[in-house]
Amino acid sequence: MTTTLAEPQVALPELKTIEKVAIIISHGSLEGVYPGLIMANGARMEGIDADVFFTFFGLDAIRKDHIDQIKVATVGNPAMHMPALIGVLPGMSAMATHMMKREMEKLDIPPIGEFIELLADSGANLYACKASVDMFHLTADDFVPQVKGILTVGEFYELAAGAQIIFT
Amino acid sequence: MTLALKPTYTDVDVDAEGFLTKPEQWDEDIALEIARANGIDPLTDRHWQVVRFMRDTYLQTGNAPTIRTLGKASGVPVKELYQLFPKGPAKLAAKIAGIPKPRGCI
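Scope of this entry: the structure provided in the associated data block. Quick caveat, the model's predicted, so the values are computed rather than measured.

Calculation notes
Residues numbered from 1 in each chain as written. Chains lettered and ligands numbered in written order. Predicted model: local features only at pLDDT ≥ 70, side-chain atom pairs only at ≥ 80, totals over all residues. Heavy atoms only, no water. Patch = residues over 30% accessible without salt bridge, like charges linked within 9 Å, V, L, I, M, F, W, Y side chains within 5 Å. Areas by Shrake-Rupley, 256 points an atom, 1.4 Å probe, with all protein chains shown as cover. Salt bridge = Lys/Arg side-chain N within 4 Å of Asp/Glu carboxyl O. Buried < 20%, exposed > 50% of the residue type's maximum accessible area, 1.4 Å probe, protein only. Contact = heavy atoms within 4.5 Å. Buried area = accessible area lost by both parts, 1.4 Å probe. Polar contact = N/O pair within 3.5 Å; in protein donor to acceptor, adjacent residues only side chain to side chain. Helix = DSSP H or I, 4+ residues; strand = E, 2+ residues; numbered from the N terminus. Nonpolar A, V, L, I, M, F, W, Y, C, P; charged D, E, K, R; others polar. 1 Å grid on protein atoms, 1.4 Å probe; cavity = no way out; pocket = protein on both sides within 12 Å on 5 of 7 lines; lining within 4 Å. Points joined across faces, edges and corners; volume = space filled by probe spheres on them.

1. Some details on a nonpolar patch on the surface
A contiguous nonpolar patch, built from Phe 56, Phe 57 and Met 135 of chain A and spanning about 310 Å² of accessible area, is present on the exposed surface. On the basis of relative accessible area, Phe 57 of chain A is assigned to the partly exposed category, the value being 48%.

Here is the structure:
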């Protein structure tokens, strides 16, 4: 005699789309800044709301005086496949940065200053982290005009309610 | 009596998301129909400017323009692009323009 086993009752997770992302950019190198910018822009392109929070050296990406000087880290970056002693040579970081920027331009990825403008125009909200701003003795005047404000962590979490938080 | 109806959005080849897979099946009536189905009604001259730029670029280069290029070269700035196509200008304009879904990350 055969018995039929009861169908296992498994609740399938409800398929939901992402409505909002909150992206934290914490590094100040070229390879530290771009992924967060690309993800934020990609979110807006899909009609997803995006808040971007710049913290620690990530602040360089929105600082008027540093925004055009962001470079690839050639030291302490094993993925460069470059002996550490070569990476420290003068000009290595500038050269790697130049090469990478050239490749990105081919893909129509804008320089960081233009990318920040593109994000703001796309409706992404850009914020600086208050603890980092205080640590580096900065004020709102040090940032590009696209930055909407300086927020505490608590204020950021409040703003990010309902968002997927992405730390880069 | 049967009328020789023009092809409409429902009888052109589309992918699962509604992008035309054969751009040559597109015409302006289909564009209007796709726009309406995606909440854009009416399709203004400014919309058309973006849609035509999208389609021309695709037909000339084989690729849809990025949002950066759209903002710089279509004659419609990025801010306005997002007002015209709130749910994502590049993809929605491509859909209305009857070209395949853009697969670029920018």
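Picking up where we left off.
2. What to know about the interface of chain B and chain A
Where the parts come together, the accessible area they lose is often given as the size of the interface. At the junction of the two partners, chain B supplies 15 residues and chain A supplies 17 residues. In total, chain B and chain A occlude about 1,500 Å² of area from one another, counting both sides; carbon and sulfur atoms represent 52% of this. Of all residues in chain B, Arg 68, Tyr 82 and Ile 106 of chain B bury the most surface against chain A, accounting for 46% of the area lost on that side. Where chain B meets chain A, there are five salt bridges. The partner of Arg 68 of chain B in a salt bridge is Glu 105 of chain A, and the shortest N-O contact between them spans 3.0 Å. Summed over the shared surface of chain B and chain A, the number is eight residue pairs in polar contact (both at pLDDT 80 or more). At the level of elements, α3 (67-73) and α4 (78-84) of chain B are the ones that each hand at least two residues to the side of chain B that touches chain A. For the side of chain B that touches chain A, the leading source of residues is α3 of chain B, giving four residues. Across the side of chain B that touches chain A, the residue classes break down as six nonpolar, four polar and five charged.

3. Brief notes about the layout of surface pockets
Taking a probe equal in size to a water molecule and rolling it over the atoms shows the remaining empty space. Of the pockets and cavities examined, the largest pocket occupies roughly 340 Å³. Along the walls of the largest pocket sit 20 residues, with Ala 64, Thr 66, Arg 103, Gly 104 and Cys 105 of chain B positioned nearest its centre. At the level of secondary structure, the elements contributing two or more residues to the lining of the largest pocket comprise α1 (30-45) of chain A together with α5 (89-96) of chain B. Considering only residue class, the lining of the largest pocket consists of 13 nonpolar, four polar and three charged.

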